[in-house]
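Architecture and fold: a report
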Amino acid sequence: MLRTRIKICGITRPEDALAAVESGADALGLVFYPPSPRAVDVAQAKAAVEGVPAFVSVTALFVNPTVEEVQSVLDNVRIDLIQFHGDEDDDFCRQFKRPYIKALRVRQASDVVASCLRFPGALAILLDSYKPGVPGGTGETFDWSLVPETPPKPIVLAGGLEPSNVASAIKQIRPFAVDISGGVEASKGIKDHSKITDFVNEVYRVDQLYRENHS
Ligand SMILES: O=C(O)c1ccccc1NCC(=O)[C@H](O)[C@H](O)COP(=O)(O)O
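Residues numbered from 1 in each chain as written. Predicted model: local features only at pLDDT ≥ 70, side-chain atom pairs only at ≥ 80, totals over all residues. Heavy atoms only, no water.

Moving on: the packing of helix H1 (residues 14-23) against helix H7 (residues 193-213). Running from N to C, H1 and H7 cross one another at 25°; their axes reach a closest spacing of 9 Å. Regarding the angle of H1 to H7, the classification is roughly parallel. Considering how the two elements wind past one another, H1 and H7 form a crossing that is right-handed. Each of Glu15, Asp16, Ala19, Ala20 and Ser23 in H1 lies in contact with H7, whose residues at this interface are His193, Ile196, Thr197, Val200 and Tyr204. Of the residues in the contact of H1 with H7, the class split is five nonpolar, three polar and two charged. (Axes fitted to C-alpha atoms, helices over the stretch in contact; angles between N-to-C directions. Helix = DSSP H or I, 4+ residues; strand = E, 2+ residues; numbered from the N terminus. Parallel < 35°, antiparallel > 145°, perpendicular 65-115°, else oblique. Left-handed = near helix turned anticlockwise from the far one by under 90°. Contact = heavy atoms within 4.5 Å. Nonpolar A, V, L, I, M, F, W, Y, C, P; charged D, E, K, R; others polar.)

Encoded structure:
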């Protein structure tokens, strides 16, 4: 079994990026969506990820951006992956020639399979909670029983994860990756480093248990 990958989203400060890297995160997320309390501009983003080693992926997150907005970020910040949270279609997402993740706010089971099929170019589908008018970062969980057992694409599970519930989530869904933002914050946009460590350790713990029970 592959271990569960860990993405810490909503990074705004270099010290939070380094804390996530030192804890063992696989990927970091930068929110390029101005209405978000975790939004960064190009200068903040560059500073935040400057010391991030190449083996940790940096993800740029957008909600219905223009082509120029995405391109400007790609031209100026080290970005390995793009994550789209709006109404973008597969053609839009693919044009930047970077691996991309499409976020889906889950309301019913059929949403998951349908989305995987609508985004053949996506590296993975990120499943998040549905809250009217809020494109992401809700801090709320959704009904995990809506996730099919064998989805057509790798699943990144998001929405209201915390150190205290991530083990149950992984046991139930076995996602490719877990994504957290609010659950490791001290306040909006500011990460709590001990919560990051607790979260990562909890993911490692449940993966280790799984390996022991399936060897
Ligand atoms: O974080 C935001 O404010 C945000 C705004 C608009 C679109 C996406 C946003 N965040 C995405 C994420 O941080 C995560 O991918 C995901 O939504 C999990 O967030 P959380 O429930 O806080 O763990």
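We now examine the UniProt feature "domain: N-(5'phosphoribosyl) anthranilate isomerase (PRAI)" (unreviewed entry) in the chain. Following the UniProt record, one finds the feature "domain: N-(5'phosphoribosyl) anthranilate isomerase (PRAI)" (unreviewed entry) at residues 6-201. With 31% helix and 22% strand, the stretch residues 6-201 has end C-alpha atoms that lie 11 Å from each other. (UniProt positions renumbered as here; feature names shortened; annotations may be inferred.)

Here we take up the site of the ligand. As a structural note, the neighbourhood of the ligand is formed by 22 residues, with Ser36, Asp128, Gly137, Gly160 and Gly182 the closest of them. Between the ligand and the protein, one listed contact pairs an oxygen atom with a side-chain N or O atom of Asp179 at 3.1 Å. At 2.9 Å from an oxygen atom of the ligand is found a main-chain nitrogen or oxygen belonging to Gly182. In the complex, 98% of the free accessible area of the ligand, which totals 510 Å², lies under the protein chains. Elements that contribute at least two residues to the shell around the ligand include exactly strand S6 (124-129) and strand S8 (177-180). Among the residues making up the shell around the ligand, the classes are represented as eight nonpolar, 11 polar and three charged. (Near = heavy atom within 4 Å. Polar contact = N/O pair within 3.5 Å; in protein donor to acceptor, adjacent residues only side chain to side chain. Areas by Shrake-Rupley, 256 points an atom, 1.4 Å probe, with all protein chains shown as cover.)

Turning to the pattern of salt bridges, a few remarks are in order. Counted under the stated rule, the structure contains 11 salt bridges. A salt bridge links Lys7 to Asp179, with the shortest nitrogen-to-oxygen separation between them at 2.5 Å. Of this pair, Lys7 sits in strand S1 (residues 5-8) while Asp179 sits in strand S8; the two residues are 172 residues apart in sequence, bridging distant segments of the chain. The two residues Lys7 and Asp179 agree in class, both being buried. Beyond isolated ion pairs, a larger network of salt bridges with shared partners links Arg13, Glu15 and Asp16. (Salt bridge = Lys/Arg side-chain N within 4 Å of Asp/Glu carboxyl O. Buried < 20%, exposed > 50% of the residue type's maximum accessible area, 1.4 Å probe, protein only.)

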